[in-house]
Amino acid sequence: MSESALAIRAAELDAADELGKIREQFVLDETVYLDGNSLGALPAAVPAHVADVVAREWGELRIRSWTESGWWEAPERIGDLIAPLVGAAAGQIVVGDSTSVNVFKAVVGAVRLAGEGRDEILVDEGTFPTDGYIATSAARLTGCTVRPVPLDSLAAAVGPRTAAVLINHVDYRSGRLHDLPGLTAAVQAAGALVVWDLCHSAGALPVGLDAHGVDLAVGCTYKFLNGGPGSPAYLYVAARHQAAFDSPLPGWNSHVEPFGMRPEFMPVDGARRGRVGTPDILSMAALEAALGVWDGVPVEAVRAKSLALTDFFLECVAAYVPEGRVSVLTPLDHDARGSQVALRCEDASDVMAALIARGVVGDFRAPDVLRFGFTPLYLGFADVERAARVLAEVL
């Protein structure tokens, strides 16, 4: 299809887009921003809300805000805002700390839940490196060994000694979406627990934590949830595990009497067991305001648009880019695709630098991957067509 025909079709698709009006709720410019899978764009409601938290709640109310402004309950309250986006009922998600810290809590907690006789932690051999580092540290702490396994062999690799399996829902390099229902069932059938890392899926596609019986999950909030740089992560502990969940990082915030200052630790009930220390209120305020863009937005509609955007981008790339110049790393099958497109390109680092200079922002992953993230809440089809056209011109 010709360039003009694709541009016309992009305009038609944008005119029919039911999510198109949400773009107005973000601070954007003429840049085509395809890096929301690293850092989401700024929701327009955030600056005023954070300014009020700083000036009034902190500046005027000061310590009274722990009760009068709801600071103390923020980790659970914001967790309940995230819950429907990942298919969880209320009371199972607590917000706070970084993704890495929550991976550590979840993996050690899973090993402790698995019980005696299980001394092995499995990880996808292509996992995000930090997840592997954390799993290795968790193994040293719990007397386990870590075994990296190819994702396609993971279900068959789970055995009677496996305590926990840590899996990324979407591969951060390729954008491959892994089979959460099937792998969860396979892990649990072998008597182990599964921990899912949702960093590249939450806010981009339905997850179904409760529906698929997931044990534990973690995720960041600064990608598709647009919480801001370094915004706090979250920990999901299924309701059936909460009474026995033994966090390796107990703190005064997860004590049944947080202000009792007792020398012995007695854990609080529920997902609050995942809390450790004082919540980072300013970052949480930004995240809470950012989540307002999801009011009335079904995740299923976001997923449909994500697939339509990535399909259209691949079509434009095929039409515009010289044959053989790039190869597609991301699965073409919808059931195996997240919300990004990864292209292999021999001089990927230089190509991405040139794209950014021309107003198309994606990112580069060594050694040869151009990575483009598609955030349906603020991206349009004309953006996608322009990105592919500029890529072809650069190449």
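Bear in mind that the values here come from a model prediction, so they are computed numbers and not experimental data.

Cut-offs and rules
- Residues numbered from 1 in each chain as written.
- Predicted model: local features only at pLDDT ≥ 70, side-chain atom pairs only at ≥ 80, totals over all residues.
- Heavy atoms only, no water.
- Phe/Tyr/Trp six-rings, centres within 6.5 Å; stacked < 30°, edge-to-face > 60°.
- Buried < 20%, exposed > 50% of the residue type's maximum accessible area, 1.4 Å probe, protein only.
- Helix = DSSP H or I, 4+ residues; strand = E, 2+ residues; numbered from the N terminus.
- Lys NZ or Arg CZ within 6 Å of the ring centre and 35° of its normal.
- UniProt positions renumbered as here; feature names shortened; annotations may be inferred.
- Contact = heavy atoms within 4.5 Å.
- 1 Å grid on protein atoms, 1.4 Å probe; cavity = no way out; pocket = protein on both sides within 12 Å on 5 of 7 lines; lining within 4 Å.
- Points joined across faces, edges and corners; volume = space filled by probe spheres on them.
- Nonpolar A, V, L, I, M, F, W, Y, C, P; charged D, E, K, R; others polar.
- Domains from an automatic or database assignment.
- Buried area = accessible area lost by both parts, 1.4 Å probe.
- Polar contact = N/O pair within 3.5 Å; in protein donor to acceptor, adjacent residues only side chain to side chain.

Taken as a whole and assessed by the stated rule, the structure comprises ten aromatic pairs. Summarising the aromatic geometry, the rings of tryptophan 66 and tryptophan 71 are spaced 5.3 Å apart at their centres and angled 90 degrees between planes, so their arrangement reads as edge-to-face. The exposure class of tryptophan 66 is partly exposed, given its relative accessible area of 24%. Its relative accessible area of 10% is what places tryptophan 71 among the buried residues. For the ring pair phenylalanine 313 and phenylalanine 372, a centre distance of 5.3 Å and an interplane angle of 55 degrees mean the geometry is tilted. Of this pair, phenylalanine 313 sits in helix H10 (residues 299-320) while phenylalanine 372 sits in strand E15 (residues 369-373), placing them 59 residues apart in sequence. No difference in accessibility class separates phenylalanine 313 from phenylalanine 372, as the two residues are buried. Ring pairs connect the aromatic residues Trp66, Trp71, Trp72, Trp252 and Phe259, which therefore count as one cluster. The residue whose ring lies beneath arginine 275 is tryptophan 72, and the NZ or CZ to ring-centre distance is 4.7 Å.

So, on to the UniProt feature "modified residue: N6-(pyridoxal phosphate)lysine" (unreviewed entry) in the protein chain. Within this structure's numbering, the places UniProt gives as "modified residue: N6-(pyridoxal phosphate)lysine" (unreviewed entry) are Lys223. Position of lysine 223 relative to the elements: it lies in the loop between strand E9 (216-219) and strand E10 (234-237). Judged by relative accessible area, which is 10%, lysine 223 ranks as buried. Sequence-distant contacts of lysine 223, that is, excluding residues within four places in its chain, are made with Gly36, Asn37, Ser38, Gly40, Cys199 and His200.

To continue, consider the layout of surface pockets. Roughly 290 Å³ of internal volume is contained in the largest pocket. What lines the largest pocket is a set of 18 residues, and nearest its centre among them are Phe128, Cys199, His200, Tyr222 and Lys223. Looking at the lining of the largest pocket, the elements that each hand over two or more residues are helix H5 (99-114) and helix H6 (129-142). Among the residues making up the lining of the largest pocket, the classes are represented as four nonpolar, nine polar and five charged.

Let's shift gears to the domain arrangement of the protein chain. In terms of domains, the protein chain is made up of domain 1 (3-30 + 297-394) and domain 2 (51-294). Each of domain 1 and domain 2 has a C-alpha centre, and the two are 30 Å apart. With 26 residues of domain 1 at the contact, the number on the domain 2 side is 20 residues. Regarding the contact of domain 1 and domain 2, the summed buried area is about 1800 Å², with carbon and sulfur atoms giving 63% of it. Across the domain 1-domain 2 interface, the total number found is seven residue pairs in polar contact (both at pLDDT 80 or more). Secondary structure elements with two or more residues in the side of domain 1 that touches domain 2: H10, strand E12 (340-345) and E15. Element by element, the count of residues in the side of domain 1 that touches domain 2 is highest for H10, at five residues. Partitioned by chemical class, the residues of the side of domain 1 that touches domain 2 number 13 nonpolar, seven polar and six charged.

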